[in-house]
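The residues making up each chain are set out below.
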Amino acid sequence: MSWAHTPTLTQYLIEQRRRFPSATGDFNHLIIDVARACKAIARQVAYGALGRTTHAVTTSVNVQGEEQKPLDVISNECFMRLTEWGGYLAAMASEEMEEPYLIPDQYPRGHYLLLYDPLDGSSNIDVNVSVGSIFSVLKMPEGKEQPSVEDFLQPGIQQLAAGYAIYGPTTMLVLTVGQGVVGFTLDPDFGEFMLTHPNMRIPESTKEFAINASNARFWEPPVRRYVDECLKGKTGPRGKDFNMRWVASLVAETHRILTRGGVFLYPRDTKMPLKPGRLRLLYECNPIGMIVEQAGGRASTGYGPVLTVQPTELHQRIGFVFGSREEVELIEHYHNDPDAHVSDLPLFANRTLFRDV
Ligand code: MN
Ligand code: MN
């Protein structure tokens, strides 16, 4: 019965809280309800084309006659309905809602703000590839009564917690509260998230990169150069062969990189000059960025740390490069110093010793 000694998510949160005697428990309550939303979404996703509706959704505003809604909308409602009542949130913002959702008057208002992408990678649903949910927790600015959009526009370093759930062959919840990264696996027998990955770390170096190569003609020169050098392999400036991966699901890419290293790029490019990148800063890049940095990796815009970017809009997009620290540093180096060489970085200079060129 080794599982009897494996802590659940609830146990983990209670033990963390014991270290902060002044904590009210609101934060734990929030995370537990978010985890419950993720469990509901996991079930919903697992039904696939059979498309059943969960209780979480039918208890929302008078659903007359079970109309079929896209899974993005159902997942958004799971997050809303399962967290709005708890008294710990002031407001929430989602990829699926143009404006923030203020906690209605019937419930008490708390001091936290929740941002989320309820179903990430949803274009992959039909092909039965892993999808997920991403979330970020911020504190309401002091002295504010009525929450507004501006309250959500905080740089990523101010996040109190961030996490994602991945709905793959197993459902997992990966969480950081700023003390490293922990991973829980959903035990289908008990419906509990069990602590199976107590210390997730991203290896510092890698031989794997992930980028949508169909955009190559729109890439800026530093990105083109980085990928070219990877493709040149053993006989090129990097002195080693690389593999390429591309799932087109941010959560799935993150989970792979967190497990075995690698680097992911969705850089700013010239395809849509008005959109400086593809991924959303507040509910995709910032939470993933916090997890990556807490796991010893690096999260960047390509030019510098993503977590220090001052957001200007709720649904703002940005270039995003993250993963194994050495690779991301090299990519930043190429962006900031166009004449840079691989060997300018001490870490990479060492490697030349082992190359016979
Ligand atoms: Mn997404
Ligand atoms: Mn989404």
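Residues numbered from 1 in each chain as written. Chains lettered and ligands numbered in written order. Predicted model: local features only at pLDDT ≥ 70, side-chain atom pairs only at ≥ 80, totals over all residues. Heavy atoms only, no water.

### A short note on the overall build of the chain
Link 1 in the chain: Looking only at helices and strands, the chain features ten helices and 15 strands.
Link 2 in the chain: Relative to the globule expectation of 21 Å for 357 residues, the C-alpha radius of gyration of the chain, 21 Å, shows essentially globular dimensions.
Link 3 in the chain: Put simply, 63% of the contacts in the chain that link residues at least 6 apart link residues at least 24 apart.
Link 4 in the chain: Split by element, the accessible area of the chain, about 16700 Å² in all, is 52% carbon and sulfur.
Link 5 in the chain: Looking at the chain, you have 34 positive and 42 negative side-chain charges, and the mean spots of the two groups are 5 Å apart. (Helix = DSSP H or I, 4+ residues; strand = E, 2+ residues; numbered from the N terminus. Rg over C-alpha atoms; globule rule 2.2 N^0.38 Å. Contact = heavy atoms within 4.5 Å. Areas by Shrake-Rupley, 256 points an atom, 1.4 Å probe, with all protein chains shown as cover. Lys, Arg positive; Asp, Glu negative; His and termini not counted. Charge placed at Lys NZ, Arg CZ, Asp CG, Glu CD.)

### Structural notes on helix α2 (residues 26-46)
Link 1 in the chain: The terminal C-alpha atoms of α2 lie 30 Å apart, and with 21 residues this matches the ideal 30 Å at 1.5 Å per residue to within 8%.
Link 2 in the chain: Just beyond α2, the residue with positive phi is G48, at close to 50°. (Expected span 1.5 Å × (residues − 1).)

### With respect to the domain arrangement of the chain
Link 1 in the chain: Domain annotation of the chain identifies domain 1 (3-197) and domain 2 (208-348).
Link 2 in the chain: Contact residues are listed per partner, giving 44 residues for domain 1 and 29 residues for domain 2.
Link 3 in the chain: Taken together, the two surfaces of domain 1 and domain 2 that pack against each other cover about 2600 Å², and 68% of this comes from carbon and sulfur.
Link 4 in the chain: When residues of domain 1 are sorted by the area they lose upon contact with domain 2, I134, L153 and Y164 head the list and together hold 22% of the total.
Link 5 in the chain: Counting across the interface, domain 1 meets domain 2 through one salt bridge.
Link 6 in the chain: For R280, the salt bridge identified is with E95, shortest N-O distance 2.5 Å.
Link 7 in the chain: Where domain 1 packs against domain 2, one counts 15 residue pairs in polar contact (both at pLDDT 80 or more).
Link 8 in the chain: Secondary-structure elements contributing two or more residues to the side of domain 1 that touches domain 2 are β1 (89-94), β3 (112-120), β4 (131-139), α5 (149-152), β5 (161-167) and β6 (171-176). (Domains from an automatic or database assignment. Buried area = accessible area lost by both parts, 1.4 Å probe. Salt bridge = Lys/Arg side-chain N within 4 Å of Asp/Glu carboxyl O. Polar contact = N/O pair within 3.5 Å; in protein donor to acceptor, adjacent residues only side chain to side chain.)

### Here we look at the coordination of the manganese ion (ligand 1)
Link 1 in the chain: Taken together, D117 (OD), D120 (OD) and E284 (OE) make up the full set of protein donors to the manganese ion (ligand 1), lying 2.0 to 2.2 Å away.
Link 2 in the chain: The manganese ion (ligand 2) is placed at 3.8 Å from the manganese ion (ligand 1), the two being bridged by D117. In this pair, D117 sits in strand β3 while E284 sits in helix α8 (residues 281-294), placing the two residues 167 residues apart along the sequence.
Link 3 in the chain: With relative accessibility at 1%, the residue D117 sits in the buried group.
Link 4 in the chain: Under the relative-accessibility criterion, E284 is labelled buried at 3%. (Donors = N, O, S within 2.8 Å, 3.2 Å for Na, K, Ca; no water. Buried < 20%, exposed > 50% of the residue type's maximum accessible area, 1.4 Å probe, protein only.)

### Structural notes on the coordination of the manganese ion (ligand 2)
Link 1 in the chain: At this site the manganese ion (ligand 2) is bound by E95 (OE), D117 (OD) and L119 (O), with donor distances of 2.1 to 2.3 Å.
Link 2 in the chain: Read N to C, the donor residues that coordinate the manganese ion (ligand 2) are spaced as E-x21-D-x1-L.
Link 3 in the chain: A relative accessible area of 21% places E95 in the partly exposed class.

### Section: the sheet that holds strand β15 (residues 320-323)
Link 1 in the chain: With mixed pairing, the five strands of this open sheet are ordered in space as β10-β9-β11-β15-β13. Strand pairing shows two members of the sheet lacking a second neighbour, β10 (243-244) and β13 (298-300), which therefore form its edges.
Link 2 in the chain: Across the face of the sheet, helix α6 (residues 221-231) comes into contact with β9 (208-211) and β11 (263-266) while running at roughly 140° to β9.
Link 3 in the chain: Where helix α9 (residues 325-336) meets the sheet, its contacts fall on β11, β13 and β15, and the angle it forms with β13 comes to roughly 30°. (Pairing = 2+ DSSP bridges. Axes fitted to C-alpha atoms, helices over the stretch in contact; angles between N-to-C directions.)

### A look at the nonpolar core
Link 1 in the chain: The biggest cluster of nonpolar side chains holds 43 residues, and the ones touching the most others in it are L114 and F135.
Link 2 in the chain: Per element, the largest residue contribution to this core is eleven residues, and it comes from α2.
Link 3 in the chain: Apart from the residues within four sequence positions on either side, F135 is in contact with I31, V34, F79, L114, L115, Y116, A162, G163, Y164, L173, L175 and P287.
Link 4 in the chain: With 31 residues, the next largest nonpolar core counts A162, Y164, V181 and A299 among its residues. (Core = buried A, V, L, I, M, F, W, Y, C linked by side-chain atoms within 4.5 Å.)

### Observations concerning the pattern of salt bridges
Link 1 in the chain: For the coordinates displayed, the defined rule picks out 13 salt bridges.
Link 2 in the chain: Where E253 meets R256, a salt bridge forms, and the shortest distance between an N and an O atom there is 2.8 Å. Placement of both E253 and R256 in helix α7 (residues 250-260) is noted, with a separation of three residues, approximately one turn of the helix. Exposure class is identical for E253 and R256. Each is buried.
Link 3 in the chain: Ionic contacts of the salt-bridge type, sharing partners, join the residues E208, R245, E253, R256 and R260 into one network.

### Some points on the pairing of β15
Link 1 in the chain: Burial along β15 is two-sided: F320 and F322 and V321 and G323, pointing in opposite directions, are all buried.
Link 2 in the chain: As paired strands, β13 and β15 are joined by three bridges and run antiparallel to one another. Across the sheet, the residue bridging to R298 is G323, located in β15.

### Here we look at unusual backbone geometry
Link 1 in the chain: Its identity as a non-glycine residue notwithstanding, N128 has a phi of 60°, on the positive side.
Link 2 in the chain: Here N128 lies in the loop between β3 and β4.
Link 3 in the chain: Judged by relative accessible area, which is 72%, N128 ranks as exposed.
Link 4 in the chain: Even without being glycine, A248 reaches a positive phi, approximately 65°.
Link 5 in the chain: Along the polypeptide, A248 turns up in the loop between β10 and α7.

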